[in-house]
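Examining the three-dimensional arrangement
As a plain string of letters, each chain reads:
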Amino acid sequence: MKKTIIFAALALIAVASCQKSQTTAIVDPDENIPEGTLIPILFGSNLAPVSTTTKSIGGVDTWKTTDSVNVYGITRISPEKDALDFDDIRIDNIAIPAVPEEGTLIEVKDADMNPVYYDLLKCYDFFGYYIDDIEATPTVADGTISLPITIDGSQDVMLAAAVRENHQVESISVGRERLFSAYSARKNIHPLLTFKHQLSRFKFIVSNGTSESGNVIKISNLKVKSPAEGVLDIVNSDLTVYADSEAEMSLKEIDPVTGKTVELKPLIVTAFDQPLGESLMVMPGLAQYNLSFTLTQEGVDKSESVNTAIDIPGGLVAIAGKMYTVHITVYDFESIKIEVGLEAWDQVPGEIEIGKD
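Residues numbered from 1 in each chain as written. Predicted model: local features only at pLDDT ≥ 70, side-chain atom pairs only at ≥ 80, totals over all residues. Heavy atoms only, no water.

Let's talk about the overall build of the chain
- Broken down by element type, the chain carries 2 helices and 23 strands.
- Within the span of the chain, comprising 357 residues, buried residues form 45% of the whole.
- A separation of at least 24 residues holds for 67% of the contacts in the chain among residues at least 6 apart in sequence.
- By element, 51% of the accessible surface of the chain is carried by carbon and sulfur atoms, the whole surface being about 17700 Å². (Helix = DSSP H or I, 4+ residues; strand = E, 2+ residues; numbered from the N terminus. Buried < 20%, exposed > 50% of the residue type's maximum accessible area, 1.4 Å probe, protein only. Contact = heavy atoms within 4.5 Å. Areas by Shrake-Rupley, 256 points an atom, 1.4 Å probe, with all protein chains shown as cover.)

Structural data, given as structure tokens:
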């Protein structure tokens, strides 16, 4: 009778997984992995590597293996619940490569360049963020991780969370409650950080609509007003925009020789569509953004400051992760027309026209 009770107790211990604390030597009844086994934390990423030598001013389209994102790994209070234990953060704001080397996963290493391993008896949720060259420090409080940001129009901002889903690995079913853990990692199930853009993007195209005009018109000093401040909620993948923090975002360009950011040079407006600068990143959520730029005409001893607006098509508001093509058509100093089209980093057709009859 006593042996039966002992065996029953051992069976109960064996089926437990991902508990917050335990000292039994055998931590995985399915595999009998001894305590002390080291299982590194590895990530997949939706960011695809593309060879490039310059920073993408505005929205990021390409990544190098030298680019980095920051990640958190937070212990869940229990496997079946989504509540997190913010007193038990396994990965605390560690920078990792944004993209893996070809054919590999991304390995997490601490400040001493040592791999970070799963605690064999715990389950984790993982989160990531990318804020370009914005200088900001996250704060852990009130059940989340907050990151205040101030943008200048040249930075992309992204958030990511690894989604837990049920998996079937050959004949083994791995429920979402066992993700992410040493157990799921041994089944070759790794957290995938799917990064999503948090800002809206404006791309500019200019052309001269007066085909018979021999005047040389130049455009420069383009700016868009947008809220500049907000707070990222890293755990809930959310951005709160401070509407009263409006500032002017100046369009920049990249010097093709040095690859560095420079002020926008005056561009001669021709009858052909030409891209102006790279792009501007703005806070989402507005139906209209104030736009200004400067026009100069050869032989005319003055410049024209144009103040107009970018109206989001359909009476809608600018959406995070979407790119809007703004087409500025210039008719000497007579008139300006702006057309706005919505595309995303998944390319939705159309343009925002400014100045075209």
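What follows continues from the structure just given.
Considering the packing of aromatic side chains
- Taken as a whole, this structure holds 8 aromatic pairs when the rule is applied.
- When the ring of Y118 is compared with that of Y124, the centres are 5.9 Å apart and the planes differ by 50°; the resulting orientation is tilted.
- On the basis of relative accessibility, which here comes to 3%, the residue Y118 falls in the buried class.
- Considering the side-chain rings of F126 and F180, the 6.0 Å spacing of their centres and the 55° angle between planes classify their relative orientation as tilted. On the criterion of sequence distance, the pair formed by F126 in strand β5 (residues 124-130) and F180 in the loop between β10 (172-174) and α2 (182-186) is long-range, its members being 54 residues apart. Accessibility assignment for this pair places F126 and F180 in one class, buried.
- Put simply, the rings of F43, Y118, Y124, F126 and F180 pair up and form one aromatic cluster. (Phe/Tyr/Trp six-rings, centres within 6.5 Å; stacked < 30°, edge-to-face > 60°.)

Some remarks on the nonpolar core
- In this structure, I149, F202, F204, L222, V224 and I328 are the most contacted members of the largest nonpolar core, which totals 49 residues.
- Of all the elements, strand β13 (residues 217-233) adds the most residues to this core, at 6 residues.
- If sequence neighbours within four positions are ignored, F202 has contacts with V224, S279, L280, V282, Y289, I310, I312, Y324 and V326.
- In terms of nonpolar packing, the next biggest core, distinct from the first, is built from 31 residues, V71, F126, A160 and A185 among them. (Core = buried A, V, L, I, M, F, W, Y, C linked by side-chain atoms within 4.5 Å.)

Brief notes about the sheet that holds strand β4 (residues 106-107)
- If you trace the 7 strands from one edge of the open sheet to the other, you get β3-β2-β5-β8-β11-β1-β4, paired in mixed fashion. The strands lining the two open edges of the sheet, one partner per strand, are β3 (84-97) and β4.
- Relative to strand β8 (residues 158-162), β5 is paired through 4 bridges, and the arrangement is antiparallel. The partner of G128 across the bridge, within β8, is A160. (Pairing = 2+ DSSP bridges.)

Some points on the pattern of salt bridges
- For the coordinates displayed, the defined rule picks out 11 salt bridges.
- Between D82 and R164 there is a salt bridge, with its nearest N and O atoms 2.5 Å apart. Here D82, found in the loop between β2 (68-76) and β3, pairs with R164, found in the loop between β8 and β9 (167-169); they are 82 residues apart in sequence, far enough to count as distant.
- As a salt-bridge pair, D82 and R176 come within 3.9 Å of each other at their nearest N and O atoms. On the criterion of sequence distance, the pair formed by D82 in the loop between β2 and β3 and R176 in the loop between β10 and α2 is long-range, its members being 94 residues apart.
- Several salt bridges share partner residues, and in doing so they unite R76, D82, D125, R164 and R176 into one network. (Salt bridge = Lys/Arg side-chain N within 4 Å of Asp/Glu carboxyl O.)

Brief notes about unusual backbone geometry
- The residue after L179, namely F180, is reached through a cis peptide bond having omega -10°.
- We note that D142 has phi near 55°; this positive angle belongs to a residue other than glycine.
- The residue D142 is located in the loop between β6 (139-141) and β7 (144-150) in this model.
- Looking at D142, the relative accessible area reads 79%, which means it is exposed.

A few points about the environment of Y331
- Of note, Y331 is situated in strand β21 (residues 322-331).
- Between the alpha carbons of Y331 and T210 there is a distance of 5.3 Å; along the sequence they are 121 residues apart.

Let's talk about the environment of G314
- Tracing the backbone through its elements, the reader meets G314 in the loop between β20 (303-311) and β21.
- Judged by its relative accessible area of 73%, G314 is exposed.

As for the side chain of S181
- Inspection of the secondary structure assignment puts S181 in the loop between β10 and α2.
- Within polar-contact distance, the side chain of S181 engages the backbone oxygen of R178 at 2.7 Å. (Polar contact = N/O pair within 3.5 Å; in protein donor to acceptor, adjacent residues only side chain to side chain.)

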